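# Results of the structural survey
Given next are the chains, with one letter for each unit.
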Amino acid sequence: QDLIEQVLINILQNCEQALEKTAKGKVRLNARLNKRGHVIIEVSDNGPGIPDAIRRKVFVPFYTTKRDGSGVGLALSRQVMVAHEGAITMTNKEDGGALLTLIF
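Criteria and cut-off values
- Residues numbered from 1 in each chain as written.
- Predicted model: local features only at pLDDT ≥ 70, side-chain atom pairs only at ≥ 80, totals over all residues.
- Heavy atoms only, no water.
- Salt bridge = Lys/Arg side-chain N within 4 Å of Asp/Glu carboxyl O.
- Helix = DSSP H or I, 4+ residues; strand = E, 2+ residues; numbered from the N terminus.
- Buried < 20%, exposed > 50% of the residue type's maximum accessible area, 1.4 Å probe, protein only.

### Quick notes on the pattern of salt bridges
Under the criterion given, the structure shown has three salt bridges. For Glu42, the salt bridge goes to Arg32, with nearest N and O atoms at 3.2 Å. Of this pair, Glu42 sits in strand S2 (residues 39–45) while Arg32 sits in strand S1 (residues 27–33), and the two are 10 residues apart along the sequence. In this structure Glu42 comes out as buried when scored by relative accessible area, which is 17%. Among the ionic pairs, Asp52 bridges to Arg55, the shortest N-O distance being 2.6 Å. One end of the pair, Asp52, and the other, Arg55, are both in helix H2 (residues 52–55), three residues apart, so they sit about a helical turn from each other. We classify Arg55 as partly exposed; its relative accessible area is 21%.

The structure is reproduced here in structure tokens:
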């Protein structure tokens, strides 16, 4: 439970940083069951989104684009989800912003 909480904290911190220069920034959390009965938690924002080249690397340990970043937040989040027999994905929304999906 504590590890899943840390995953959500890591994601929300990234959303906060992505929205620093966005007027009227919003973060949305959505939880649901998919067709197979798996719990899905989606965290999305209305920020600038993530360029493809960066999005492919965000779960790599120690990769960061932030001056003060360590590059461990999303890498750790991925490991936690794998340990819980789940997954984490990141995409850009069609209307702008990022979407992170936790699949349990």
